Amino acid sequence: FDPITTTVLVGVGTAALGRTIYNYFHESCDKKWIAFNATGLQTDLDEKLFGQHIASRIVLKAVNGFMNNENPKKPLVLSLHGWTGTGKNFVSKLIAENVYKEGMHSSFVHLFTSTLHFPHPSQIATYKSQLQQWIKGNISNCERSLFIFDEMDKMHPGLIDSIKPYLDYYDKLDGVSYRKSIFIFLSNAGGESIVETALDFWRAGRDREEMELKDLETSLSLSVFNNNKSGFYRTSLIDKNLVDFFVPFLPLEYKHIIQCTKAEMKARGLEPDQNVANKVAKDLVYFPKFDRVFSVKGCKTIDSKLDYYA
Ligand SMILES: Nc1ncnc2c1ncn2[C@@H]1O[C@H](COP(=O)(O)OP(=O)(O)OP(=O)(O)O)[C@@H](O)[C@H]1O
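Residues numbered from 1 in each chain as written. Predicted model: local features only at pLDDT ≥ 70, side-chain atom pairs only at ≥ 80, totals over all residues. Heavy atoms only, no water.

With respect to the site of the ligand
- Around the ligand sit 17 residues in total, of which Phe50, Thr84, Lys88, Asn89 and Lys300 are the nearest.
- Interatomic distance of 2.8 Å between a backbone N/O atom of Phe50 and a nitrogen atom of the ligand.
- Asn188 has a polar side-chain atom sitting 2.9 Å from an oxygen atom of the ligand.
- Contact with the protein chains hides 81% of the accessible area of the ligand, taken as 630 Å² for the molecule alone.
- Class assignment for the residues of the shell around the ligand results in seven nonpolar, seven polar and three charged. (Near = heavy atom within 4 Å. Polar contact = N/O pair within 3.5 Å; in protein donor to acceptor, adjacent residues only side chain to side chain. Areas by Shrake-Rupley, 256 points an atom, 1.4 Å probe, with all protein chains shown as cover. Nonpolar A, V, L, I, M, F, W, Y, C, P; charged D, E, K, R; others polar.)

This is the structure:
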């Protein structure tokens, strides 16, 4: 090679090496950083998520099917419903951890909380354009992006409508394809009707595990879609069938609180202790008033109780 060709080759080689090293340490939108671990998700749902046999099944099927499809027709849209502290954020985290190497810390995972990010109804027009720009910008950067919207029931219907085009069956919008992204909506909407059904099962002496999606579907849809307070009610997300799966989360019982407490002890490097777990579980409040079946705050606040008892 003549000196000029050698210089060019060395330059190109150095740049390629530099890029490889950069990609090795710096998260990028490729298989090294984004690789779905189906077994990992199944194991996590089986071993870490307590008392949610219906949600667990739907989430696994939905995410598996979507991630194994090289050419999905639309983004995956999951809507997670249920009482507080029952694992909706937790499941979103498990999904993120089994798709992205960096889990919730990935720069391709975006979490919005209505009351935090969109607090003022008067600024809805600004929020709309910011949110649309944000979604478009992030998906242009990486088509395998995950968007989690917490407190969806508190989100302004106009804002929900503004993200609708991205959830639809479009091949491309302004040159951007949204079909490989995942949207997860979290809300307490429908939580009370899920509790009612779970309570009916309990009162009838039936096993909780016997409960199926069809037992919850009717009352869930009535309370979510016919409820004036629910943001969903006034949006066309529902009638356009843009949500692929509605996922109900059951209220948690005493035995699940014990499981959550032991899991938390293990996570802290402590030996899970039944006595401590009993103390924590007894310290929580349960409802309805006389039957005291379900934890008012689910598995939330166990953290701070454990600081006290462990
Ligand atoms: N079903 C569950 N199995 C295991 N751990 C759980 C479960 N539910 C809740 N937890 C634990 O409690 C914590 C709080 O739960 P999480 O934030 O997922 O509740 P949520 O359903 O999203 O509540 P909210 O509606 O108030 O946002 C989780 O980080 C997890 O540690």
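What to know about helix α2 (residues 38-48)
- When we look at burial in α2, the residues that qualify are Gly40, Leu41, Asp44 and Leu45. Along the axis of α2, the buried positions cluster into a sector of 130 degrees, meaning they face one direction only. Exposed and facing more than 90 degrees away from the buried side of α2 are Thr39, Asp46 and Glu47. (Buried < 20%, exposed > 50% of the residue type's maximum accessible area, 1.4 Å probe, protein only. Helix = DSSP H or I, 4+ residues; strand = E, 2+ residues; numbered from the N terminus. Arc of directions from axis to C-beta.)

Describing the state of the cysteines
- The final tally for this structure, using the stated rule, is two disulfides.
- Disulfide pairing is shown between Cys29 and Cys142; the S-S distance is 2.2 Å. With the S-S dihedral at roughly 70 degrees, the linkage between Cys29 and Cys142 falls on the right-handed side. Of the two residues, Cys29 is situated in the loop between α1 (3-25) and α2 and Cys142 in the loop between α6 (124-141) and β3 (146-150); the sequence distance between them amounts to 113 residues.
- Residue classification places Cys29 among the partly exposed positions, given a relative accessible area of 36%. (Disulfide = S-S within 2.5 Å.)

Remarks on the environment of Cys29
- Separated by 133 residues in the primary sequence, Cys29 and Ser162 place their C-alpha atoms 26 Å from one another.
- If we ignore the near neighbours within four places in the chain, the residues touching Cys29 are Ile34, Phe108, Asn141, Cys142 and Glu143. (Contact = heavy atoms within 4.5 Å.)

Side note on the pairing of strand β4 (residues 182-187)
- Where burial is concerned, most of β4 is hidden: six out of the six residues are buried.
- Side-chain alternation along β4 places Ile182, Ile184 and Leu186 on one buried face and Phe183, Phe185 and Ser187 on a second face that is also buried.
- Direction of pairing for strand β1 (residues 76-82) relative to β4: parallel, over a ladder of six bridges. When the sheet's bridge partners are listed, Ser79 is paired in β4 with Phe185.
- With four bridges connecting them, β3 and β4 associate as parallel partners. In the sheet register, Leu146 faces β4, and the bridge partner there is Ile182.
- Of the crossover connections in this fold, the one passing from β3 over helix α7 (residues 157-167) to the parallel β4 is right-handed. (Pairing = 2+ DSSP bridges. Right-handed = clockwise from strand over helix to strand, strands pointing away.)

Quick word on the packing of aromatic side chains
- One pass over the structure, following the stated rule, counts 11 aromatic pairs.
- Ring geometry for Phe287 and Phe294: centres 5.9 Å apart, planes at 55 degrees, overall tilted. The pair formed by Phe287 and Phe294 is uniform in burial state, with each residue classed as buried.
- Every member of this aromatic cluster is reached through a ring pair, and the members are Phe112, Phe118, Tyr127, Phe147, Phe149, Phe183 and Phe185.
- Over the ring of Tyr169 we find Lys74, and its NZ or CZ is 5.9 Å from the ring centre. (Phe/Tyr/Trp six-rings, centres within 6.5 Å; stacked < 30°, edge-to-face > 60°. Lys NZ or Arg CZ within 6 Å of the ring centre and 35° of its normal.)

Keep in mind that these numbers describe shape and distance, not what the molecule does.
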